[in-house]
Amino acid sequence: MAVTGAVMVLFLVGHMLGNLKIFISRDSFNDYATALRTLLEPLAPYRTLLTIVEVVLAVSVVLHIWAAISLSRRAHAARPVKYAAKKSQAGGYATHIMRYGGVTIVLFLVWHLLDLTFGVVNPKGPVSTPADRMIAGFDPSRWWMTLIYLVAVVMVGLHLRHGIWSAFQTLGWANRNRYKALRTGAALVSAVLVIGFLAPPLAITFGVVK
Amino acid sequence: MKYAEGSPIQDTKAPEGPIEDRWEKRKFAAKLVNPANKRKLNVIVVGTGLAGGSAAATLGELGYNVKSFCYQDTPRRAHSIAAQGGINAAKNYRGDGDSVYRLFYDTVKGGDFRSRESNVYRLAQVSVNIIDQAVAQGVPFAREYGGLLDTRSFGGAQVSRTFYARGQTGQQLLLGAYQALERQVAAGTVEMFTRHEMLDLIIDNGRARGVIVRDMVTGEIERHVADAVVLATGGYGNVFFLSTNAKGCNTTAIWRAHERGAYFANPCYTQIHPTCIPVSGEYQSKLTLMSESLRNDGRVWVPLRKGDDRLPGDIPDDERDYYLERIYPAFGNLVPRDIASRAAKNVCDEGRGVGPGGLGVYLDFRDAIGRLGRDAVEKKYGNLFEMYERITGENPYDQPMRIYPAVHYTMGGLWVDYDLQSTIPGLFVIGEANFSDHGANRLGASALMQGLADGYFVLPTTLGDYLAAGPFGEVNEEAVAEAEAKVTSRIERLLAVNGTRTPDSFHRELGRLMWDYCGMERTEESLRKALERIPELRAEFWANVKVSGANEELNQVLEKAGRVADFFDLAELMCLDALVRSESCGGHFRAESQDADGEALRDDEHFAHVSAWEHSPEGEPVLHKEPLEYDYVKMSQRSYK
Amino acid sequence: MNLTLKVWRQSGPSDSGRMVKYRVEEVSPDMSFLEMLDVLNERLILEGDDPIAFDHDCREGICGMCGMVINGVAHGEQVATTTCQLHMRHFEDGATITIEPWRAAPFPVVKDLVVDRSAFDRIIQAGGFVSVPAGSAPDAHSLPVRKEDADSAFDAATCIGCGACVAACPNGSASLFTAAKITHLSLLPQGQPERLSRAKAMVDQMDAEGFGGCTNTGECTAVCPKGIPLDTIAQMNSDYLKANAK
Ligand SMILES: Cc1cc2nc3c(=O)[nH]c(=O)nc-3n(C[C@H](O)[C@H](O)[C@H](O)COP(=O)(O)OP(=O)(O)OC[C@H]3O[C@@H](n4cnc5c(N)ncnc54)[C@H](O)[C@@H]3O)c2cc1C
Ligand code: HEM
Ligand code: SF4
Ligand code: FES
């Protein structure tokens, strides 16, 4: 869980940095997308690195989800009779955000891939440049799309606020002297990711980037 | 109540010779059991406290086939877990003049010359091994910055020989023993029976050969046979209903063994602990001890004037009576438990007590906070202060604690010889359940020491000596069936009464009676009254108790009723013993026997003996005296002035 | 004070159980929670009803025998307090209080509020000890221990094995209990030789007992009467991962 999560976090950081290129120019963003595919050429065929990354990511996502499902199945098995009254003493944050948040993220992921990767649900369709798809996707007239992304990205942020800290704990690298730093760090990274991911769509929707 | 006097008894197992060599000699003389034979020898250990837990673990480790029983859901919850203050050992790590001899000397003297020199000396000798053993098991004793073990002085001792683990020494030591025990369970040498209560002892051919237990979940009455039985079932302070003991502590196991022939020694010796949280109301179910270490820095006082109901903070110093410092200038607030307890009772009897019902005295940290600062006090006592506040809702940093004495420990128990064997061959008794080492008064931090000495070091040797003659063959079916039938019929009888009073209400009444008539101060008159009242109350119990439910289920009312029934019989013997012992000694204070200053006055001429009571089915107990001789520590009157 | 109690009643493992309502009157604020139940039970006995079964022994917050979920919180809402140390002054007159047993498959209900926690013993059996036969120990001062280590080990060692952590955990995980023991022994030099094998054996046993997995929700420490810190779980994970890497 922690390892696959960490892979995804690393990916998210890279992904976010790439997205931010849209602020430099459409071409810069497109170049980045191309670079992703042509990196390591001619040492290796076109798309080698990207494919590796995609495979690793896909495996991570699958394993992560599989682990999440098996954890929650164990949890159900471990408590067959529910409490009539149950009150969380630790805020209940982690419990709900991780499971329900996680599911929201999966749904979003599917949508996101269909939208901006395959362009199936994008107004520009599959045959277009990434920048076109992005800018068309978040057109002011499609504010609801931006809203979906907003909700989803905030979800990812919340997931990671617990997840990053939790991963350190799971891997045994946490201790009471580091808790504060870890929690703050996790919140910080999550906040940066949320802001970094939301900046392009919001900028497009509000007409800052055209 | 009448009694008969039987022939005197002598503990013949202690070797002669210089006291330092006796244990060594005994160990050497003890027969060894061939390792291959050990597996064929079955031992039953009832109780999983420090004594029973350490014994079962060690016997398992040695290769015997052990069955271990406790009434809790896991062995780790035995009452030893609650001990707070610490454990004594003559390590002399501080170089402050401690030694095996000094611990021996202090214990004999502290016990008011009513314990056996040989036993006490062995206890002091073995004490050092206990600390080594516990540390090796990972018991996290308090340490100093240099990484070495910290010690403190405890309960009036003038050397720092008490090892401790914050306020949870008993817990940490017990977890050490528990873990050792579970290790043996995993190894298959010990079979554990939790939620099983021992209800009778099986005797065949004069030897203890097993126990009858009730599975407290299903109600099934089970028989377990073995080559020897060890009782480590703790103390019987709960005869007073209110005590610092856990709710389940009982006398059932040792009482039934007594009824089967084991002598009961010094039943009247009870220890009353001076620093407990006072009773707050009728519903009170138990009393909570505040560690004695509080007396190191707290000052005990009551208002000088009777009926002074000002808030403690409003009473100026010259209208306070720091009575311990006044009466005992040399020891002040650190006088031994029995003295501190009785002094508190006296000032309350004078009408100067504080809190509900006037049954309390102040333990004040104002000066300590002034002298050391609040932080230092918090560091030392923070958890105790919290506990106090949790229970009373009062903050001891702002207002003095209220404390009152409560029953805490019972020095009496089944009589055992130097080998810890009772008068029934094959029945060994260890820990608080026996009477062995503390005489008429136990020193603070010595019970943990004794329990572990018995379990880890003494019993494994002496039991081996007994078992070397085994295995003892099949147990006669008739003996087993008889014991089982007795247990079953008793349960049926309890269930059949269907009266109008709960077992607890009888227990409360009995406890009250014992506290009033056989508590901190006893008189011939009070004891005679008690001896009159107890049989009446017992008769009412058997005619009018209400036990709901059935045997074949988890039935806490039935468990309780069985224990209360035994407490009645024990209470009677306690009062008789207290009546016969017309001297004062240690925790046993007879008002008729005091000196001009109101201090306990021993009568060595007539009472330098152990009173071992034999049960007789006709009801007239037989008193056997075991004379006590002091070759090393000169008998003297205790004085803490 | 007068109170309404909603208590889980279940006559045995095979009964499906239900909540039953009771009125208790004239409760003193100085009573402990268990004393309040004692008073109710005394009444039930005399009325010929089955009294409510609950576990308890020391009533001092140290044996770990007591435990019930009170108004949805293991041991009640008072922090760092066992059920037996909880006092009625923390409740309001007229309140309704819901009382349930620890709920976890590895802790089957025995009767009413009594559950079977023997799974904890089996976790300890798997390796929660230092193997040292009586009489073989070296002198206690032969191995100094840094005070900080001794203190941290002590913090972990104060676990009373009550099971509140399991009861509170949304995953029904026993990680805090198991980690407390692993950490206690891991931090001391005496625990080193068996350190990794112990962690592995205990964690594997915990899983085999059917406890859920830890997702670091922190619900356990929040209700733990001894405040066993969460980093014990990190310590356990670290030892466990190292053991598996070997
Ligand atoms: C609050 C408190 C604080 C204390 N503090 C200290 C201290 O600081 N230092 C010190 O030295 N001493 C202290 N003592 C005394 C000391 O704790 C006890 O004397 C000692 O722990 C007794 O140990 P034990 O093994 O003999 O019995 P226990 O620990 O009482 O164990 C008895 C065992 O017997 C079992 N049992 C009982 N009856 C039956 C039955 N009928 N059937 C089956 N099993 C049964 C129980 O389940 C339990 O396992 C304290 C005592 C109290 C009450
Ligand atoms: C795809 C849908 C997802 C689901 C269903 C999901 C679900 C979960 C669950 C249930 C947990 C367990 C809680 C825990 O152990 O603390 C978890 C942990 C975690 N998740 Fe996710 N998650 C998803 C996506 C993601 C994504 C996209 C990332 C990162 C970019 C991520 C990063 C993490 C991390 C770092 C952890 C902590 C791992 C640990 O402590 O072991 N998750 N996730
Ligand atoms: S970790 Fe805390 S809650 Fe869990 S069993 Fe130990 S003391 Fe109880
Ligand atoms: S009864 Fe012992 S902890 Fe509550």
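This one's a predicted model, so the numbers in the text were calculated from it and none came from an experiment.

### Thoughts on the coordination of the iron atom of ligand 2
Residues and elements named next belong to chain A.
Here is step 1 of the chain: Protein ligation of the iron atom of ligand 2 involves His64 (NE2) and His159 (NE2), the donor distances falling in the range 2.1 Å.
Here is step 2 of the chain: Here the iron atom of ligand 2 binds six donor atoms, and the angle range of 84 to 179° at the metal identifies the geometry as octahedral. In this pair, His64 is assigned in helix α3 (residues 48–78) and His159 in helix α6 (residues 143–170), connecting sequence segments 95 residues apart. The pair His64 / His159 is uniform in exposure class, with both members buried.

### Points about the site of ligand 1
Here is step 1 of the chain: Taken together, 38 residues form the shell around ligand 1, and within it B:Gln72, B:Ser80, B:Met198, B:Glu432 and B:Leu448 come nearest.
Here is step 2 of the chain: One finds residues of chains B and C in close proximity to ligand 1.
Here is step 3 of the chain: Here B:Thr48 contributes a backbone N or O atom positioned 2.8 Å from an oxygen atom of ligand 1.
Here is step 4 of the chain: Backbone polar atom of B:Leu50 to an oxygen atom of ligand 1: 3.1 Å apart, as the coordinates give it.
Here is step 5 of the chain: Across the complex, the protein chains shield 99% of the 990 Å² of accessible surface that ligand 1 would expose by itself.

### Brief notes about the interface of chain C and chain B
Here is step 1 of the chain: Each partner contributes to the interface: chain C provides 75 residues, whereas chain B provides 75 residues.
Here is step 2 of the chain: In total, about 6100 Å² of surface goes out of reach between chain C and chain B, with carbon and sulfur atoms giving 54% of it.
Here is step 3 of the chain: Across the contact surface, chain C and chain B share six salt bridges.
Here is step 4 of the chain: A salt bridge links B:Arg195 to C:Asp55; the shortest N-O distance between them is 2.7 Å.
Here is step 5 of the chain: The interface formed by chain C and chain B includes 46 residue pairs in polar contact (both at pLDDT 80 or more).
Here is step 6 of the chain: Those elements that place two or more of their residues in the side of chain C that touches chain B are α1 (33–46), β6 (109–111), β7 (114–115), α2 (118–125), α3 (147–157) and α5 (175–186) of chain C.
Here is step 7 of the chain: Its residues assigned to classes, the side of chain C that touches chain B comprises 38 nonpolar, 17 polar and 20 charged.

### Here's the deal with the environment of B:Ser548
Here is step 1 of the chain: Relative to the assigned elements, B:Ser548 resides in the loop between α15 (524–544) and α16 (556–580).
Here is step 2 of the chain: Using a relative accessible area of 6% as the deciding quantity, one classes B:Ser548 as buried.
Here is step 3 of the chain: Note: C-alpha distance between B:Ser548 and B:Gly499 (49 residues apart in sequence) is 9.9 Å.
Here is step 4 of the chain: Setting aside chain neighbours within four positions, we find B:Ser548 in contact with B:Leu495, B:Asn555, B:Val557, C:Ile45, C:Asp49 and C:Pro51.

### Observations concerning the packing of α6(A) against helix α7 (residues 179–205) of chain A
All names here are of chain A.
Here is step 1 of the chain: Contact geometry for α6 and α7: axes closest at 8 Å, N-to-C directions at 165°. Here α6 is positioned roughly antiparallel relative to α7, judged by the angle of their axes. In the packing of α6 onto α7, the handedness of the crossing is right-handed.
Here is step 2 of the chain: Residue composition of the contact of α6 with α7, by class: 20 nonpolar, five polar and two charged.

### Concerning the packing of aromatic side chains
Here is step 1 of the chain: All told, the structure shown has 34 aromatic pairs over all chains when counted by the stated rule.
Here is step 2 of the chain: The interplanar angle of 55° and the centroid separation of 6.0 Å between the aromatic rings of B:Tyr456 and B:Phe457 together place this pair among those described as tilted. Neither residue differs from the other here; B:Tyr456 and B:Phe457 are each classed as buried.
Here is step 3 of the chain: Arranged with centres 5.4 Å apart and planes meeting at 90°, the rings of B:Phe541 and B:Trp542 form a pair that is edge-to-face.
Here is step 4 of the chain: Classification of B:Trp542 as buried rests on a relative accessible area of 18%.
Here is step 5 of the chain: One aromatic cluster is present, formed by B:Phe365, B:Tyr381, B:Phe385 and B:Tyr397 through successive ring pairs.
Here is step 6 of the chain: It is A:Arg183 that lies over the ring of A:Trp165; its NZ or CZ is 3.9 Å from the centre.
Here is step 7 of the chain: B:Arg299 extends its terminal NZ or CZ atom over the ring of B:Tyr322, reaching a point 3.7 Å from the ring centre.

Thresholds applied
Within each chain, residues carry numbers counting from 1 in the order of the written sequence. All chains are assigned letters beginning at A, and all ligands numbers beginning at 1, according to the order in which they are written. Local features in this predicted model are restricted to residues of pLDDT 70 or higher, and side-chain atom pairs are both shown and tallied only at a pLDDT of 80 or more, whereas totals for entire chains, interfaces and linings draw on every residue. The basis for every side-chain value is the complete set of heavy atoms in the structure, and neither hydrogens nor water enter the calculation. Coordinating donors are taken to be N, O and S atoms lying within 2.8 Å of the metal, or within 3.2 Å when the metal is Na, K or Ca; because water is excluded from the atom set, some sites may appear incomplete. Think of it this way: with four donors and all angles in the 85 to 135 degree range, the site is tetrahedral; with four or six donors, opposite ones beyond 155 degrees and the rest between 65 and 115, it is square planar or octahedral; otherwise it is irregular. Secondary structure counts use DSSP, requiring at least four H or I residues in a row for a helix and at least two E residues in a row for a strand, with both numbered from the N terminus. Exposure is judged per residue with a 1.4 Å probe applied to protein chains only, and the accessible area is read against the type maximum: over 50% gives exposed, under 20% gives buried, and values in between give partly exposed. Any residue with at least one heavy atom within 4 Å of a molecule or strand is counted as near it. Any pair of nitrogen or oxygen atoms within 3.5 Å is treated as a polar contact; in protein, a donor-acceptor pairing is required on top of that, and neighbouring residues in sequence qualify only through side-chain atoms on both sides. Computed with the Shrake-Rupley method and a 1.4 Å probe, the accessible areas treat only the protein chains shown as cover for residues. Any two residues whose heavy atoms approach within 4.5 Å at even a single point are treated as in contact. Buried area is understood as the total, over both parts, of accessible area removed when two parts are fitted together, assessed with a 1.4 Å probe. Just to be clear on terms, a salt bridge is a Lys or Arg side-chain nitrogen sitting within 4 Å of an Asp or Glu carboxyl oxygen. Three classes are used, and their members are as follows: Ala, Val, Leu, Ile, Met, Phe, Trp, Tyr, Cys and Pro are nonpolar, Asp, Glu, Lys and Arg are charged, and the others, Gly among them, are polar. Angles here are taken between N-to-C directions and fall from 0 to 180 degrees, while the axes themselves are lines fitted to C-alpha atoms, restricted in helices to the stretch in contact. Every angle not falling under 35 degrees, over 145, or within 65 to 115 is termed oblique; those three ranges are roughly parallel, roughly antiparallel and roughly perpendicular. By the definition used in this description, the sense in which the near helix is turned from the far one sets the handedness, with an anticlockwise turn below a right angle giving left-handed and a clockwise turn giving right-handed. In this analysis, rings of Phe, Tyr and Trp, with Trp reduced to its six-membered ring, are considered paired at centre separations within 6.5 Å, and the interplanar angle assigns stacked below 30 degrees, edge-to-face beyond 60, and tilted for intermediate values. We call a charge positioned above a ring when the Lys NZ or Arg CZ atom is no farther than 6 Å from the ring centre and deviates by at most 35 degrees from the ring normal.

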